[in-house]
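Coordinates in review
Each chain, letter by letter, is given below.
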Amino acid sequence: MGTHRAPRGTTTQRGYGVNHVELREQWRPHVEAGRVSCARCKLPIKPGEPWDLGHDDHDRTKYRGPEHAECNRGASKRVTDAITPAIDPPATLDPKWDE
Ligand SMILES: [Zn+2]
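Residues numbered from 1 in each chain as written. Predicted model: local features only at pLDDT ≥ 70, side-chain atom pairs only at ≥ 80, totals over all residues.

Helix and strand counts for the protein come out as two helices and two strands. Listing each helix as α and each strand as β along the protein from the N terminus yields α-β-β-α. The long-range share in the protein, meaning contacts at least 24 apart out of those at least 6 apart in sequence, stands at 34%. (Helix = DSSP H or I, 4+ residues; strand = E, 2+ residues; numbered from the N terminus. Contact = placed C-beta atoms within 7 Å.)

Structure below.
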């Protein structure tokens, strides 16, 4: 078997000093005070609402900031297939009246 090589790049890049948990703890008082808006949907995160620290979509080593847990979990929005407007065209097909 081949030798296991370490991935290229340094692990001592800047920005690795603060881990996820620490950063989250820094945000927490602000979020719980209701002063922070979701980084994704831009709506305020209400105190007591579940939230996560969201990553930057382009740079996974960066954090965008707090997001609703729901927004963070699935960028896939709920497909609302429940409400399908059943618009049946009225049967007024302009029949030709034979007068
Ligand atoms: Zn959100």
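Read on for the rest.
The next point concerns unusual backbone geometry. Of note in this structure, K42 is not a glycine but carries a positive phi near 70°. The exposure class assigned to K42 is exposed, which follows from the 8 C-beta atoms found within 10 Å. (Buried ≥ 20, exposed ≤ 12 C-beta atoms within 10 Å, placed from the backbone.)

With that out of the way, let us pick up helix α1 (residues 20-32). The end-to-end C-alpha distance of α1 is 17 Å, a good match for the 18 Å that 13 residues give at a rise of 1.5 Å each. Q26 marks the point of greatest bend in α1, at about 35°, and the proline P29 comes within the next four residues. Looking at the residues trailing α1, positive phi occurs at G34, about 80°. (Expected span 1.5 Å × (residues − 1). Bend = angle between axes of the 7 residues up to and from the residue.)

Once that is clear, we can look at the nonpolar core. Within the largest apolar cluster, six residues are counted, these being V31, C38, A39, I45, W51 and C71. If sequence neighbours within four positions are ignored, W51 has contacts with V31, I45, P66, E67, H68 and A69. (Core = buried A, V, L, I, M, F, W, Y, C linked by C-beta atoms within 7 Å.)

Another aspect to go through is the environment of N72. Note on placement: N72 falls in helix α2 (residues 69-73). Residue classification places N72 among the partly exposed positions, given that 19 C-beta atoms sit within 10 Å. In this structure, the C-alpha to C-alpha distance between N72 and C41, residues 31 residues apart in sequence, is 9.9 Å. Those residues in contact with N72 that sit more than four places away from it in its chain are D52, G54 and E67.

The next thing to look at is the confidence of the model for the protein. Taken residue by residue, the protein gives an average pLDDT of 77. The fraction at 70 or more is 58%. When the criterion is pLDDT under 50, residues 76-83 qualifies, and its contacts beyond four places in sequence or with other chains add up to zero contacts. (pLDDT = per-residue confidence, 0-100.)

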